Amino acid sequence: MMRPLLAAALATAVTISTTANADTVVLNNGDTLNGKIGRVTASEIQFQSPAFGSITIPTANVSKYTFDKPVPVQPKGAPVVTEQVTGTATGLTVGNQTYTYGQIKAVNPPAQEWKGAILGNFSLARGNTNKFVIGAEAATSLRRNDAVYDDRTTLSGAYNFGESGGGSSGDDKVTDTDNWNIFAKHDRFWTDQLYGYVVGKLEHDRIADLYYRVSPGVGVGYQWIETPTTKLSGEAGVTYIHEEFDPSGTNDEIALRLAYNYTHQINDRVSFFHTLEFLPAFSDPSDYILNTDVGLRAKLTDNFFSQFKLLYKRDSTPAEGAGKNDLLYTIGVGWEF
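First, a word on scope: everything that follows refers to the structure included in this document. Remember, predicted model here, so these are calculated numbers, not experimental data. (Residues numbered from 1 in each chain as written. Predicted model: local features only at pLDDT ≥ 70, side-chain atom pairs only at ≥ 80, totals over all residues. Heavy atoms only, no water.)

Attention now goes to the overall build of the protein chain. Within the protein chain, the secondary structure is distributed over one helix and 24 strands. Here the protein chain holds 337 residues, and the buried ones make up 35% of them. Relative to all contacts within the protein chain whose residues are 6 or more apart in sequence, the contacts with residues 24 or more apart total 48%. Roughly 18,400 Å² of accessible area belongs to the protein chain as shown, and the carbon and sulfur atoms make up 60% of that amount. (Helix = DSSP H or I, 4+ residues; strand = E, 2+ residues; numbered from the N terminus. Buried < 20%, exposed > 50% of the residue type's maximum accessible area, 1.4 Å probe, protein only. Contact = heavy atoms within 4.5 Å. Areas by Shrake-Rupley, 256 points an atom, 1.4 Å probe, with all protein chains shown as cover.)

Given below as structure tokens:
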């Protein structure tokens, strides 16, 4: 009898210890969840549960939540404080102060550090169709939102190379993909949603006879949605475009820049993304550049993921003899950091 009683006592002690060192969320139906609370907003609570993994709980479905330890909170117009926090669907108590969510800029935000991904893609066809494509891309961003800084910096780059022909088809081997680009952008938030930006892009496409295109610009943006699961922003500004074609000379334009960026976490494993940039020249709106992509990213592990992306580019006035449209499908595997 002693061994079963001892085992039960140990199990009870472990359960009590685990619960005592955990954040707690009490739902409206009375269910209690113990685990780790992440970022909290007026609409949702990020929660890590030992039983259910990483989940998102609508704040409206929560009767009460409690952090086990003091966490950072930034009231609007005030410095960040680290205090014990409890909350409900309508507000929260930080130390001895009570706030509505409208009075709070951030509750337990994630660490302000560079986040990004490195991705490689590859496709190979042999037989009647001979095709070889390899590519790599990397992107990283830093979002700061505290008493001193409220900004976002984004850096990215990509390279794609491909050949077709040869083998049993009898055709000569031809390089039909050879391009790269480098992108940098900085957003400075003036309010929770309105921001100004500076942006720059450098591109090269040997197959399109584009020796290089450089396009710096400035403008304003509006962050329509910025939650842990969904982000949507729209932008308008002015961009200077300098193109050097090989061998047909150069082209300089000042263009309107219209763009948007949308990402959505469909579930714990799968996310959707879509971006668009439209650059019509002020001197002739029929002279424009359009860049857009759409894709899905699926987590394989905590850090590794697979990705499918469709990338479409259109230059209405390309180099002499080059096509206006470029369409690229990529499937690859990457690593998030």
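Back to the write-up after that little detour.
In this section: the environment of Ala-298. Secondary-structure assignment places Ala-298 in strand E22 (residues 288-299). Sequence-wise, Ala-298 and Asn-267 are 31 residues apart; in three dimensions their C-alpha atoms are separated by 9.6 Å. Once residues lying within four places of it in the same chain are set aside, the contact partners of Ala-298 are Arg-269, Val-270, Phe-305 and Ser-306.

Attention now moves to the environment of Thr-90. Looking at the element boundaries, Thr-90 is found in the loop between strand E8 (85-87) and strand E9 (91-94). In sequence terms Thr-90 and Ser-63 are 27 residues apart; their C-alpha atoms lie 9.4 Å from each other. When residues no more than four places from it in sequence are discounted, the contact partners of Thr-90 are Thr-100 and Tyr-101.

By the element assignment, Lys-201 lies in strand E16 (residues 194-205). For the buried Lys-201, which has no salt bridge, the nearest side chain bearing the opposite charge is Glu-203, at an N-O separation of 4.0 Å. Leave out the neighbours within four places in its chain, and Lys-201 touches Asn-181, Ile-182, Phe-183, Arg-213, Val-214, Ser-215 and Asn-291. (Lys, Arg positive; Asp, Glu negative; His and termini not counted. Salt bridge = Lys/Arg side-chain N within 4 Å of Asp/Glu carboxyl O.)

Below, the discussion takes up the pairing of strand E21 (residues 270-280). Strand direction decides the pairing type here: strand E20 (residues 249-265) and E21, joined by eight bridges, are antiparallel. Bridge pairing in E21 places Leu-258 opposite Phe-278. (Pairing = 2+ DSSP bridges.)

What follows covers unusual backbone geometry. With a phi close to 60°, Asp-209 is a non-glycine residue in the positive phi region. Here Asp-209 shows up in the loop between E16 and strand E17 (210-214).

Moving on, we get to the nonpolar core. With 19 residues, the main nonpolar core has Val-25, Ile-37, Val-40, Tyr-65, Phe-67, Val-85 and Leu-92 as its most contacted residues. Of all elements in the fold, only strand E1 (23-27), strand E2 (32-40), strand E3 (44-49), strand E5 (62-66), strand E6 (71-75), E9 and strand E11 (104-107) reach the threshold of two or more residues within this core. Sorting elements by how many residues they give to this core places E2 first, with three residues. Excluding residues within four positions of it along the chain, Ile-37 makes contact with Asp-23, Thr-24, Val-25, Ile-45, Gln-46, Phe-47, Tyr-65, Thr-66, Phe-67 and Asn-108. With five residues, the next largest nonpolar core counts Phe-183, Tyr-195, Tyr-197 and Val-199 among its residues. (Core = buried A, V, L, I, M, F, W, Y, C linked by side-chain atoms within 4.5 Å.)

Attention now goes to the pairing of E6. For E6, the tally of buried residues reaches four of five residues, placing the bulk of the element in the interior. Sheet topology note: the E6/strand E7 (residues 81-83) ladder contains three bridges and is antiparallel. In the sheet register, Val-71 faces E7, and the bridge partner there is Glu-83. Hairpin connection between E6 and E7: a loop of five residues separates the two successive antiparallel strands, and Gly-77 in this loop has a positive phi of roughly 75°.

This paragraph deals with a nonpolar patch on the surface. A cluster of nonpolar side chains, Ile-118, Leu-300, Phe-304, Val-333, Trp-335 and Phe-337, forms an exposed patch at the surface whose accessible area comes to about 580 Å². Relative to the helices and strands, Trp-335 is located in strand E24 (residues 325-336). (Patch = residues over 30% accessible without salt bridge, like charges linked within 9 Å, V, L, I, M, F, W, Y side chains within 5 Å.)

Here the focus is the packing of aromatic side chains. In this structure the tally under the stated criterion is nine aromatic pairs. Pairing Phe-308 with Tyr-329 gives two aromatic rings, centres 6.5 Å apart and planes at 25°, and the pair type is stacked. Highlighted residues: Phe-308 in strand E23 (residues 304-315) and Tyr-329 in strand E24, separated in sequence by 21 residues. Assessed through its relative accessible area of 36%, Phe-308 is described here as partly exposed. Overall, the relative accessible area of 52% leaves Tyr-329 in the exposed class. The positively charged end of Arg-144 is found above the aromatic ring belonging to Tyr-149, 3.7 Å away from the centroid. Directly above the ring of Tyr-195 sits Arg-152, whose terminal nitrogen or CZ lies 5.3 Å from the centroid. (Phe/Tyr/Trp six-rings, centres within 6.5 Å; stacked < 30°, edge-to-face > 60°. Lys NZ or Arg CZ within 6 Å of the ring centre and 35° of its normal.)

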